[in-house]
Number of protein chains: 2
Amino acid sequence: MSANVLVVHGGGPTAVINASLYGVVEEAKKSGSIGKVYGAIGGSGGILKENFLDLMQVPEEKLSLLLQTPATAIGSSRYALEQEDYDAMAGIFRKHGIRYVLLNGGNGTMDTCGRIFEACRGEDIYVVGIPKTIDNDIAITDHTPGYGSAARFIAASTAEVGADVRALPIHVCVMEAMGRNAGWITAASALARKKPGDAPHLIYLPERPFHEEEFLEDVKRLYEEKGGVVVVASEGLKNEKGEPIVPPVFKAGRAAYYGDVSAYLANLVIQKLGIKARSEKPGLCGRASIAWQSPVDREEAVLAGREALRTAMAGGSGVMIGLIRDENEDGGYHVHTSAIPIKEVMLHERVLPDEYINDRGNDVTGAFLEWCRPLIGPELRDFVDFKEEYEKMGVGK
Amino acid sequence: MSANVLVVHGGGPTAVINASLYGVVEEAKKSGSIGKVYGAIGGSGGILKENFLDLMQVPEEKLSLLLQTPATAIGSSRYALEQEDYDAMAGIFRKHGIRYVLLNGGNGTMDTCGRIFEACRGEDIYVVGIPKTIDNDIAITDHTPGYGSAARFIAASTAEVGADVRALPIHVCVMEAMGRNAGWITAASALARKKPGDAPHLIYLPERPFHEEEFLEDVKRLYEEKGGVVVVASEGLKNEKGEPIVPPVFKAGRAAYYGDVSAYLANLVIQKLGIKARSEKPGLCGRASIAWQSPVDREEAVLAGREALRTAMAGGSGVMIGLIRDENEDGGYHVHTSAIPIKEVMLHERVLPDEYINDRGNDVTGAFLEWCRPLIGPELRDFVDFKEEYEKMGVGK
């Protein structure tokens, strides 16, 4: 009897998580020895309810829509499994002839992946993790599928908003980027720049304590110079004490609700500097954007899905597929995959290293740009700016 | 001696205002009788400073970048001209051999256009307006260049965020749309729907007073049914008394600063219903997005620019180029242009008519969708949703 595969999606979607699912199904077809590729409908909770849909029967034309579908086509959850849930897993897998279990997600899902691996020890069941998170905070892998597209979105959006603010320079504009503890997405906004002076003009990362006075100094100086300033700030900025810079709006039970960092900083500029300011918070738009999906990211997501199944079929288990960047003589960008023991990955959150952040903590370094640039895919569109050309002519007169 | 043209941009940019500028230059080249096409650098203030850049000398390859450049390549301003400024205009135009003056902007700019026309009476100077505003609030014209792209952005973004929320249905998500007094952009979010039940699930327009109790009732009912709800709300929602629904954050001099409608409504859902909620506010991203530029909108913007110059060269003055929708037997979408006396346009703000809003004031009507659909260009991408397919199978069991 041929073996079946189960794919489970965990946590928040990315623009390419479905591309990994596509890669799994394509690899299963190619192998010739897989019966069904089940999607667990609704994430880890879907395993317990045995809500499984076979994707091997889906016509190719429809299946390929996965490559351009945001969110997750089989659903996801933030359901936290209990010990009794783990104990039930092996029985469910056996019942459905599932030999290969692939969990696609971030740090929390990799933790689940490790526990399912433990729970299935001694069984003919192989458990492999596929990394996925816009936040890029998973350890060891060079980067995670999902990040390149979120990075392309913030870079492209910052370039567009930057053009808007330069054309009508009447305010300070604060853009908010996702990534509460890790500044990878926020940092990628720097790829919007094509020449000196381009937006973003200031970048604030959660890896550094936020100093209100320095922020206001920097904004004031840039506003006096340019008239229009674009700031990109992480949604998770904290002060010296490690507390969110935005005071809680209110508390409900144990949970506190905070306002938006972008709105908070814009209000600060208005109140403390008397300068007009506004805020933009694309939020979920940034992880669901297919228009700004990075083709490099999409291809790596497909690759990670394919390799996860290949690894499991080769007897690998308790591992996550990592992307390892090759050091090539041609200077080009290449990656290969590697099976990383899940124990080395589990629950370790990777943040921006010091060498990617400038001394004042308001920008990234050239080393970060070099690392990040290949991940976002083709170069962003060129814009024409006659206003700038005219101003330069004036300077030359 | 050949005559020169001056193009002036006013107010906030759109994704296609540069396309109109492209149309003017192309038409000037075609005519064979135009010397220079000056761009006024930095908007109306640039006229007084005589900051003029000739665009006839720009190579075609570079000029065509205007079609994919957001914001305005010659800059804009919100500078309010004084009577003495108007008095100086004719002299400046004569000095630079400018016979045709084209002003591209919204209601405020059309007002300026009318005043410049008055100020140049009796001169061999022809003043024509090119409509432009994402808000679509200019009178008489069927719609304005700039609107179709802003509409495409909000429809596509709502579809993407809708997929995200459906895949991981753990919260109510409130998207904020631009348009403080007119709900045209907010309404266009309804074009995200491909089938019943798709996002947006609720739409709140500034044309109707906002009733907090009804909003909470609607959200609660939909949340219990779906788990994930997408609300699109205008940034300018007001209560029965016509006051903004968001209390002012603080006051500075005569100006009051309000928080974001989206964040306000999300907090209301958390506090009053105890349901998790979040907010997205793409803001300027929505008027600067080239990825979601509507090709129909871009072509009409080029057309409006071309026609403005043709009209001026034919002796038209004190008029704005309007887009008039043809009633064709084939049912297809066609427009022609018409020169509308600027006096009929000036400072009249067009809002959504009653027949485009449903009775409860939380959605649009089929008549609106029919009117709006052709403006956003090609149909939005298809997404695949195996979760939904599975759930439908379950219902059928």
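Conventions used here
All residue numbers refer to position in the chain's written sequence, counted from 1. Chain A is the first chain written and ligand 1 is the first ligand written, with later ones labelled in order. Reporting in this predicted model follows two pLDDT cut-offs: at least 70 for local features of residues, and 80 or more for side-chain atom pairs to be given and counted; totals over whole chains, interfaces and linings ignore these cut-offs and use all residues. Where side-chain values are given, they derive from all heavy atoms of the structure, hydrogens and water being excluded. UniProt positions are given in the numbering used here, feature names are shortened, and annotations may be inferred rather than shown by experiment. A run of H or I in DSSP becomes a helix once it reaches four residues, and a run of E becomes a strand once it reaches two; helices and strands are each numbered from the N terminus. It only takes one pair of heavy atoms within 4.5 Å for two residues to be counted as in contact. A residue counts toward the fit only if its pLDDT is at least 70 in both copies, and the copies are then superposed by least squares on the C-alpha atoms of those residues. A simple way to read buried area is as the amount of 1.4 Å-probe accessible surface that goes missing from two parts once joined, with both sides added. The salt bridge definition used is simple: a Lys or Arg side-chain nitrogen within 4 Å of an Asp or Glu carboxyl oxygen. Burial classification: accessible surface area is computed with a 1.4 Å probe over protein chains only, and a residue below 20% of its type maximum counts as buried, one above 50% as exposed, and the rest as partly exposed. Expected span of a helix, by definition, is 1.5 Å for each gap between consecutive residues, and there is one gap fewer than residues. Between any two strands, pairing holds if DSSP finds at least two bridges. Here an angle of 0 to 180 degrees is reported between the N-to-C directions of two axes, which are lines fitted to C-alpha atoms, with helices fitted over the stretch in contact. Between the rings of Phe, Tyr and Trp (Trp by its six-membered ring), a pair exists once the centres lie within 6.5 Å; its type follows the angle of the planes, with under 30 degrees stacked, over 60 edge-to-face, and the other angles tilted. Nonpolar cores are built from buried Ala, Val, Leu, Ile, Met, Phe, Trp, Tyr and Cys residues. Side-chain atoms within 4.5 Å join them into one set. Segment limits for the domains were obtained from an automatic or database-derived domain assignment. What sets the label is the angle itself: under 35 degrees gives roughly parallel, over 145 gives roughly antiparallel, 65 to 115 gives roughly perpendicular, and the rest give oblique. In this scheme, a crossing is called left-handed if the near helix is turned counterclockwise away from the far one by less than a right angle; it is called right-handed if the turn is clockwise. As a working rule, the residues Ala, Val, Leu, Ile, Met, Phe, Trp, Tyr, Cys and Pro are called nonpolar, Asp, Glu, Lys and Arg charged, and the rest polar, with Gly in that last group.

As recorded by an unreviewed UniProt entry, chain A carries the name Pyrophosphate--fructose 6-phosphate 1-phosphotransferase and is attributed to [Clostridium] clostridioforme CAG:132. Turning to chain A, the UniProt annotation filed under Catalytic activity (unreviewed entry) states: "beta-D-fructose 6-phosphate + diphosphate = beta-D-fructose 1,6-bisphosphate + phosphate + H(+)". Heading Subcellular location (unreviewed entry) of the UniProt record for chain A holds this comment: "Cytoplasm".

A. Main features of the environment of A256 of chain A. Residues and elements named next belong to chain A. If you trace the backbone, A256 turns up in strand β10 (residues 255-258). Along the chain, A256 and L369 lie 113 residues apart, while their C-alpha atoms are 35 Å from each other. Non-local contacts of A256, meaning those with residues more than four positions away in its chain, are made with P248, F250 and K251.

B. Seen up close, the relation of the copies chain B and chain A. Relative to chain A, chain B is turned by 180 degrees and slid 0.0 Å along the rotation axis, the superposed coordinates differing by an RMSD of 0.0 Å. The operation mapping one copy onto its partner corresponds to a two-fold rotation axis. A high fraction, 100%, of the interface residues of chain B reappear at the interface in chain A, so the copies pair face to face through one surface.

C. Highlighting the interface of chain B and chain A. With 70 residues of chain B in contact, the opposing surface of chain A contributes 70 residues. Carbon and sulfur atoms make up 67% of the area that chain B and chain A hide from each other, which totals about 5,800 Å². Contact with chain A buries surface across chain B, with L284, F386 and Y390 of chain B losing the most and accounting together for 12% of the total. Summed over the shared surface of chain B and chain A, the number is 4 salt bridges.

D. Region of the structure containing the UniProt feature "binding site: substrate" (unreviewed entry) in chain A. Residues and elements named next belong to chain A. According to UniProt, the positions carrying the feature "binding site: substrate" (unreviewed entry) are T133, I134, D135, M178, G179, R180 and E235. Given a relative accessible area of 49%, R180 falls into the partly exposed group. The contact partners of R180, leaving out residues within four places of it in the chain, are P206, S234, E235, G236 and K238. Along the chain, E235 turns up in the loop between β8 (229-234) and β9 (248-252). Owing to a relative accessible area of 16%, E235 belongs among the buried residues under this scheme.

E. Up close: unusual backbone geometry. All names here are of chain A. Residue P200 follows A199 across a cis peptide bond; omega there is 0 degrees. Structurally, P200 is set in the loop between α7 (184-188) and β7 (202-204). You will see that N136, though not glycine, has its phi angle at about 60 degrees, which is positive.

F. Representation of helix α1 (residues 17-31) of chain A. Residues and elements named next belong to chain A. End to end, α1 covers 22 Å across 15 residues, agreeing with the expected 21 Å (1.5 Å per residue, within 8%). Taking burial as the measure, the 15 residues of α1 include 12 buried ones, the bulk of the element. Every buried residue of α1 is listed here: I17, N18, A19, S20, L21, Y22, G23, V24, V25, E26, E27 and A28. In this structure, the buried side of α1 is in contact with β1 (3-9), β2 (34-40), α3 (60-63), β4 (98-105), β5 (126-131) and α10 (295-313). One or two positions beyond α1, positive phi appears at G32, with a value near 75 degrees.

G. Representation of the sheet that holds strand β2 (residues 34-40) of chain B. All names here are of chain B. The 7 strands lie next to each other as β3-β2-β1-β4-β5-β12-β13, forming an open sheet whose pairing is mixed. Edge positions in the sheet fall to β3 (52-54) and β13 (335-341), since each of these pairs with one other strand and no more. For this sheet the average axis-to-axis angle between neighbouring strands, irrespective of direction, equals 30 degrees. The pairing of strand β1 (residues 3-9) with strand β4 (residues 98-105) spans 6 bridges and is parallel. Bridged to H9 within β4 is N104. Set on the sheet, helix α1 (residues 17-31) makes contact with β1, β2, β4 and β5 (126-131); between it and β1 the angle comes to about 175 degrees.

H. Spotlight on the packing of aromatic side chains. Under the defined criterion, the tally for this structure stands at 24 aromatic pairs over all chains. Judged by centre distance (5.5 Å) and plane angle (75 degrees), the ring pair of Y204 of chain B and F215 of chain B falls under edge-to-face. With Y204 of chain B in strand β7 (residues 202-204) and F215 of chain B in helix α8 (residues 212-226), the pair connects residues that are 11 residues apart, well separated along the chain. On the basis of relative accessibility, which here comes to 6%, the residue Y204 of chain B falls in the buried class. Ring plane angle 35 degrees and centroid distance 6.1 Å describe the contact between Y356 of chain B and W371 of chain B, whose orientation is recorded as tilted. Of the two residues, Y356 of chain B is situated in the loop between α11 (342-345) and α12 (366-372) and W371 of chain B in helix α12; the sequence distance between them amounts to 15 residues. An aromatic cluster of three or more residues is present, and its members are Y147, W184, Y356, F368 and W371 of chain A.

I. Here's a closer look at the UniProt feature "active site" (unreviewed entry) in chain A. Residues and elements named next belong to chain A. Summarizing the sequence annotation, UniProt attributes the feature "active site" (unreviewed entry) to D135 in the numbering used throughout. Tracing the chain through its elements places D135 in the loop between β5 and α6 (147-167). Judged by relative accessible area, which is 23%, D135 ranks as partly exposed. Dropping the residues within four chain positions of it, D135 is found in contact with G179, A182, W184 and I185.

J. Examining the nonpolar core more closely. Among the nonpolar cores identified, the biggest contains 80 residues, and Y147 and F368 of chain A together with Y147 and F368 of chain B are the most heavily contacted of them. Those residues in contact with Y147 of chain B that lie beyond four places of it in its chain are T133, I134, N136, W184, I185, A188, D297, F368, W371, C372 and L375 of chain B.

K. Region of the structure containing the domain arrangement of chain A. Residues and elements named next belong to chain A. As far as domains go, chain A holds domain 1 (1-143 + 293-344) and domain 2 (152-288). Averaged C-alpha coordinates put domain 1 and domain 2 at centres separated by 34 Å. Carbon and sulfur atoms make up 63% of the area that domain 1 and domain 2 hide from each other, which totals about 770 Å². The three residues of domain 1 that bury the most area against domain 2 are I134, D135 and N136, which together make up 50% of that side's buried surface.

L. Fine view of the packing of α1 of chain A against α10 of chain A. Residues and elements named next belong to chain A. It is at 7 Å that the axes of α1 and α10 come closest, and there the two elements cross at 45 degrees. In terms of their interaxial angle, α1 and α10 are classed as oblique. Here α1 runs over α10; the crossing is right-handed. Residues A19, S20, Y22, G23, V24, E26, E27, A28, K30 and S31 of α1 form the contact with α10, whose own contacting residues are R298, A301, V302, G305, R306, L309, R310 and M313. Here the contact of α1 with α10 is composed, by residue class, of 8 nonpolar, 4 polar and 6 charged.

M. Summary view of the pattern of salt bridges. For the coordinates displayed, the defined rule picks out 59 salt bridges over all chains. Two residues, R278 of chain A and E280 of chain A, come together in a salt bridge whose shortest N-O distance is 2.7 Å. Of the two residues, R278 of chain A and E280 of chain A, neither departs from the other in class, the shared state being buried. As a salt-bridge pair, R310 of chain B and E307 of chain B come within 3.4 Å of each other at their nearest N and O atoms. Taken together, the residues R310 of chain B and E307 of chain B, both in helix α10 (residues 295-313) and 3 residues apart, mark about one turn of the helix. What emerges from the salt-bridge pattern is a single network uniting R166, K195, D198, D385, E388 and K392 of chain B.

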